[in-house]
Amino acid sequence: TIEGENMRFAINQILLWLENGYCREIEFKQNKINVITGDSGTGKSAIIDIIDYCFFSSTTELPEEMINENVKWYGINFDINDKTFTLARSKFFTVKKLSKEYYFSGIGDIPDLPNHNISEKECKAALEKEFSIDKNVVIPYSGKKLTAGNKISLRYFLMFNTQSEEIITSKKVFFDKQNDEKYREALERIFDIA
């Protein structure tokens, strides 16, 4: 959960609409630390990858075997600023060819099976409004990967919502995605905004 003067973000559920017609729901408790445990190979590390995939990732580490081959749609039900939303993205074709099909509900409706009802651009615009991101919220100074004056991506704020196993065991890094130069640069540029 992210809370601030003007912003509150919390994930309620991760939803997996499976090929067999079943919808698997993984519930999260608000204002609590949600710890995911289980045996090796049960999909714990895929949770963060599912969140990342739904929130417009251009790459994925979700495994084809066991997960993507059995899923039709990946989804998240979440709250921002006392509003509930559902965002879903259809399964990817290959790790190099990700889906551009999104389902979005601005009132949090969870369908029996999502259908493509919004473009990625329109969906980002709707969520950026809730994150208070507009054309004036820009990268303050350039780096190797980021250019001053470009609009800040809402994806950068997701670094404040999860801690993967690598981060929990690290003595030097406190935020995910710090092995990606773009996110390393983004963190220092958005920290004060966040």
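Rules and cut-offs
- Residues numbered from 1 in each chain as written.
- Predicted model: local features only at pLDDT ≥ 70, side-chain atom pairs only at ≥ 80, totals over all residues.
- Heavy atoms only, no water.
- Helix = DSSP H or I, 4+ residues; strand = E, 2+ residues; numbered from the N terminus.
- Rg over C-alpha atoms; globule rule 2.2 N^0.38 Å.
- Buried < 20%, exposed > 50% of the residue type's maximum accessible area, 1.4 Å probe, protein only.
- Contact = heavy atoms within 4.5 Å.
- Areas by Shrake-Rupley, 256 points an atom, 1.4 Å probe, with all protein chains shown as cover.
- Lys, Arg positive; Asp, Glu negative; His and termini not counted.
- Charge placed at Lys NZ, Arg CZ, Asp CG, Glu CD.
- Pairing = 2+ DSSP bridges.
- Salt bridge = Lys/Arg side-chain N within 4 Å of Asp/Glu carboxyl O.
- Core = buried A, V, L, I, M, F, W, Y, C linked by side-chain atoms within 4.5 Å.
- Phe/Tyr/Trp six-rings, centres within 6.5 Å; stacked < 30°, edge-to-face > 60°.
- Lys NZ or Arg CZ within 6 Å of the ring centre and 35° of its normal.
- Disulfide = S-S within 2.5 Å.

Caption draft 1: Local environment of the overall build of the protein chain. If you tally the helices and strands in the protein chain, you get 4 helices and 6 strands. Starting at the N terminus and ending at the C terminus, the protein chain contains elements arranged as β-β-β-α-β-β-β-α-α-α. Against the 2.2 N^0.38 benchmark of 16 Å for 194 residues, the protein chain shows a C-alpha radius of gyration of 17 Å, consistent with a compact globule. Dimensions of the protein chain, computed from C-alpha atoms along their principal axes, come out at roughly 50 × 40 × 35 Å. The burial tally for the protein chain puts 43% of its 194 residues in the buried class. Sequence-distant contacts in the protein chain: of pairs separated by 6 or more residues, those separated by 24 or more amount to 51%. Carbon and sulfur atoms make up 48% of the accessible area of the protein chain, which amounts to about 11,600 Å² in all. Charged side chains of the protein chain number 26 positive and 30 negative; the gap between the two group centres comes to 5 Å.

Caption draft 2: Seen up close, the pairing of strand E4 (residues 71–80). Within E4, 9 of the 10 residues are buried, which leaves the element mostly enclosed by the surrounding structure. Two strands pair when backbone bridges link them, and strand E2 (residues 8–18) and E4 are joined in this way by 9 bridges, in the antiparallel orientation. Across the sheet, Leu15 pairs through a bridge with Gly75, a residue of E4. In textbook terms, the turn of a hairpin is the stretch between consecutive antiparallel strands, and for E4 and strand E5 (residues 83–90) this stretch comprises 2 residues, one of which, Asn81, has a positive phi near 50°.

Caption draft 3: Region of interest: the pattern of salt bridges. In the structure shown here, the tally under the stated rule is 7 salt bridges. A salt bridge links Lys83 to Glu130; its shortest N-O distance comes to 2.9 Å. Within this pair, whereas Lys83 is found in strand E5, its partner Glu130 is found in helix H2 (residues 120–130), the two being separated by 47 residues in sequence. One salt bridge in this structure joins Arg189 and Glu188, with 3.5 Å as the shortest N-O distance. On the basis of relative accessibility, which here comes to 7%, the residue Arg189 falls in the buried class. When its relative accessible area of 52% is taken as the criterion, Glu188 is described as exposed. Ionic contacts of the salt-bridge type, sharing partners, join the residues Lys100, Glu120 and Lys124 into one network.

Caption draft 4: Region of the structure containing unusual backbone geometry. Residue Asn81 is not a glycine yet carries a positive backbone phi of 50°. Relative to the elements of secondary structure, Asn81 occurs in the loop between E4 and E5. Using a relative accessible area of 24% as the deciding quantity, one classes Asn81 as partly exposed. The backbone of Asp82 shows a phi angle near 65°, a positive value even though the residue is not glycine.

Caption draft 5: Representation of the nonpolar core within the structure. Grouped together as the largest cluster of nonpolar side chains are 47 residues, with contacts concentrated most on Phe9, Phe55, Tyr74, Phe78, Leu87, Leu127 and Tyr156. For this core, the secondary-structure elements that each account for two or more residues are E2, helix H1 (46–54), E4, E5, strand E6 (102–105), H2 and helix H4 (181–190). Take this core: its biggest share by element is 6 residues, from H1. Judged by nonpolar contacts, the second largest core, of 5 residues, contains Trp17, Trp73, Ala88 and Tyr103.

Caption draft 6: Quick peek at the packing of aromatic side chains. One pass over the full model with this rule turns up 13 aromatic pairs. Pairwise contacts between aromatic rings join Phe9, Phe55, Phe56, Phe78, Phe85, Tyr102, Phe104, Phe131 and Phe157 into one cluster. The ring of Tyr53 is capped by Arg89, whose NZ or CZ atom sits 4.2 Å from the centre of that ring. Over the ring of Phe93 we find Lys97, and its NZ or CZ is 5.0 Å from the ring centre.

Caption draft 7: A look at the state of the cysteines. The final tally for this structure, using the stated rule, is 0 disulfides. No disulfide involves Cys123; its sulfur sits 9.9 Å from the nearest other cysteine sulfur, which is in Cys54. With relative accessibility at 0%, the residue Cys123 sits in the buried group.

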